[in-house]
Amino acid sequence: MADPKACFFDVNQYSHSDGYVKDCIESGYAGRVGYYVDSCTSFISKMYKADCVMVANGTLALELALRTVDVRCGDVVIVPNVSFVATVNAVLSVGAIPAFMANRMDDVFPDIESLHYLLSRHKPKAIIVANLYGCPTPELGKIRAICDNLGIALIEDCAQSFGSFYEDKTPVGCYGDISTFSFFSNKTIACGQGGALVFKNPLLYTKALSISNHGRSKNDFDSYGTNYSFNNISAALLWGNLENMYTILDYRNNIYDEYLFQIRRMNVKVIPFKIEHNFAKWMLPLKLTEANPNKVVSRMTEMGFACRLGMQFLPLLPHIKDTRCTYKGERPDHILLPIHTGLKKSDIIEITNRLKMEIQ
Ligand SMILES: Cc1ncc(COP(=O)(O)O)c(C=O)c1O
């Protein structure tokens, strides 16, 4: 097994999936159809009490969501200015124009005032929010109400928050007309490459299902579609992890808590600052109060620790030009520490000791 201190990827998380993968190979069910695709679909569907479509990855899940709510070339889609680049690339892939909400001071989440500002200037077809680091976007209820009033579709990008719950046990992703997920190798629950969508409205589900399968309806291939399919081999890996989901999340919790204990006297702040729900731990986002995050990340990486810079500041990426964005805000300087489920207490002590040296 790879050294968990050096590894961001974590796909066989205490599961029986090796046997399931073998089963796919032996049965010949390796493509879009199969027992494991069905099992993952119905697991997520039950968890969200909503229809679910599985797809090849979280980026295509977002793209499919946008197509499903009829976002077309030239439409404006409001997005957060801090997220992983896929959030905005999906918008560009359907030919739409991103307009960026500003992030809150020292925070990765949008400032709702900037949403009002954008709405006073544009008529967006959709709003995407990204529930980063397992945490739901604050004020989602208000954003939902705005969308209802103005007839705008709300898409929740939950790529980093599968397994997070609100205190009333509702899973994070319950506000969006469509919520999307990623099961990429570094995610809370992972399988290599995989994605999913859940739907508030059964009509949107039927439409997405058809688009994701070449435009197939009950009768024939009678509308636009393409191939967004998940596959049974990845699903076998995912199913093994879904069966053990709560054990995996417990491991992550314990690792996170150990980190919090070890960094308690260090010059760092954990973001998001305010946590009001039971969130799935997805890496440890740390704001360094004094040290330069770029330098710290490269030093930590040189030393063999899987450490990264936090999410991108999207409006300033080179390929995003000529958009109607507000450039307010900046990349919140933060770094991410590894949260591989194989990490032991001694590993965490080693990582945080090194970090302490690097930020002094
Ligand atoms: C916020 C966010 N959105 C979308 C994605 C895209 O998911 P995938 O890598 O499965 O395409 C990611 C993946 O890291 C992500 O973090």
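In this numbering scheme, every chain counts its residues from 1 along its sequence in written order. Note on the predicted model: pLDDT of at least 70 is required for a residue's local features to be given, and 80 or more for side-chain atom pairs to be given and counted; whole-chain, interface and lining totals, by contrast, use all residues.

A. Structural detail: the site of the ligand. Each residue gets a C-beta atom placed from its backbone. Should that atom fall within 6 Å of a molecule or strand, the residue is termed near it. The local shell around the ligand holds 14 residues, among which G58, T59, F84, A159 and S182 are the closest. Taken together, the residues that form the shell around the ligand break down as five nonpolar, eight polar and one charged. Gly counts as polar in this scheme, as do all residues outside two lists: the nonpolar Ala, Val, Leu, Ile, Met, Phe, Trp, Tyr, Cys and Pro, and the charged Asp, Glu, Lys and Arg.

B. Layout of the sheet that holds strand β11 (residues 308-309). The strand order β9-β10-β13-β11 describes an open sheet built from four strands, whose pairing is antiparallel. What marks the edges here is a single partner per strand, and that holds for β9 (268-270) and β11. Pairing of β9 with strand β10 (residues 284-288), which is carried by three bridges, proceeds in the antiparallel orientation. Paired with V268 across the bridge in β10 is L288. Only strands joined by at least two bridges in the DSSP assignment are considered to pair. Secondary structure is summarised from DSSP: a helix means a run of H or I of at least four residues, a strand means a run of E of at least two, and numbering begins at the N terminus for each.

C. Up close: the domain arrangement of the chain. Marked domain ranges trace back to an automatic or database domain assignment. For the chain, the domain assignment lists domain 1 (7-243) and domain 2 (245-359). Distance between the C-alpha centres of domain 1 and domain 2: 23 Å. Placing C-beta atoms from the backbone, we regard two residues as in contact once those atoms come within 7 Å. The interface of domain 1 with domain 2 comprises 45 residues on the first partner and 35 residues on the second. For the side of domain 1 that touches domain 2, the elements supplying multiple residues, two or more each, are β2 (76-80), β3 (82-83), β4 (97-101), α5 (112-119) and α8 (232-243).

D. Spotlight on the packing of helix α3 (residues 58-68) against helix α7 (residues 202-212). Here α3 crosses α7 at 120°, and the two axes come no closer than 9 Å. Classed by the angle they form, the pair α3 and α7 counts as oblique. Handedness of the crossing formed by α3 with α7: right-handed. The residues of α7 that touch α3, namely those facing L64, R67 and T68, are L204, K207, A208, I211 and S212. Axes, fitted as lines to C-alpha atoms, cover a helix only where it is in contact. Angles between the N-to-C directions of the axes lie from 0 to 180 degrees. To sort the angles, those under 35 degrees are grouped as roughly parallel, those over 145 as roughly antiparallel, those from 65 to 115 as roughly perpendicular, and the leftovers as oblique. In this scheme the handedness of a crossing depends on how the near helix is turned from the far one: anticlockwise by less than a right angle means left-handed, clockwise means right-handed.

E. Here's a closer look at α3. In this scheme every C-beta is placed from the backbone, and a residue whose C-beta has 20 or more other C-beta atoms within 10 Å is buried, one with 12 or fewer is exposed, and one in between is partly exposed. The buried fraction of α3 is high, at eleven of eleven residues. Taken as a whole, α3 has its buried residues at G58, T59, L60, A61, L62, E63, L64, A65, L66, R67 and T68. A positive backbone phi angle near 70° is found at D70, which sits one or two residues after α3.

F. Representation of the pairing of strand β5 (residues 126-130) in the model. When you tally the buried positions in β5, you get five out of five residues, the bulk of the element. Covered by surrounding structure in β5 are A126, I128 and A130 together with I127 and V129, the residues of both alternating faces. Bridge count between β2 and β5: two bridges; the pairing is parallel. Along β5, the bridge assignment pairs V77 with A126. Read as a crossover between parallel neighbours, the route from β5 over helix α6 (residues 140-150) to strand β6 (residues 153-157) is right-handed. By definition, the crossover connecting two strands over a helix is right-handed if that path, from the first strand to the second, turns clockwise as seen with the strands pointing away from the viewer.

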